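Structure at a glance
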Amino acid sequence: MLDISAPVSIFPRKSDYPGYVEKKDGGYILFIDPTILKKDELTDFVVNLFIHELWHVRQMEDGRLSSNSAQTVAVWEGVHFAMTVMKHEQRPWEIEAYRMEDVYFRQVKEQMTGNNYPG
Ligand SMILES: [Zn+2]
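Residues numbered from 1 in each chain as written. Predicted model: local features only at pLDDT ≥ 70, side-chain atom pairs only at ≥ 80, totals over all residues.

Sheet strands line up and pair through hydrogen bonds in the backbone, either parallel or antiparallel. Taking strand neighbours across the sheet as the criterion, the three strands line up as β1-β3-β2 in an open arrangement whose pairing is mixed. In this open sheet, the two strands that pair with only one neighbour each are β1 (8-12) and β2 (19-24). For this sheet the average axis-to-axis angle between neighbouring strands, irrespective of direction, equals 25°. Relative to strand β3 (residues 27-32), β1 runs parallel, the two sharing five bridges. Of the residues in β3, the one forming a bridge with Ser9 is Ile29. Here helix α2 (residues 44-61) sits on the sheet and contacts β1, β2 and β3; the angle it forms with β2, its principal contact strand, is near 30°. (Pairing = 2+ DSSP bridges. Helix = DSSP H or I, 4+ residues; strand = E, 2+ residues; numbered from the N terminus. Axes fitted to C-alpha atoms, helices over the stretch in contact; angles between N-to-C directions. Contact = placed C-beta atoms within 7 Å.)

With that settled, the discussion passes to the pairing of strand β6 (residues 79-82). Where strand β5 (residues 73-76) and β6 come together, four bridges link them in antiparallel fashion. By the bridge assignment, Ala74 is partnered in β6 with Phe81. Here β5 folds back onto β6 in antiparallel fashion, the turn holding two residues, of which Glu77 has a positive phi close to 50°.

From the geometry alone we can't say anything about function, so treat these as descriptive.
Written out as structure tokens, the structure is:
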């Protein structure tokens, strides 16, 4: 659905975010909050979390987003951003990923349930 061909693995996360992405060996690792993984429930929050993190994979696959290994600097569409001075929700790649949650949520729910999803 998100047109991602690179392999994506899921691991318990190591930081405070519910989820984040790292590029590794030609693929990607989604680090997800272990309490979410243990519950093993596809709540609306979890659906949106996966859309969001997978959209970051898509951004990296498309060559629009990259970062240094320490994750202190991000390059978004050729512009360098210091992560330390920029709030999470102000980053343009985050704004886009949050928007994609709205774009794909209904489609994913329909695929999961096989029904038309209201709203
Ligand atoms: Zn994000």
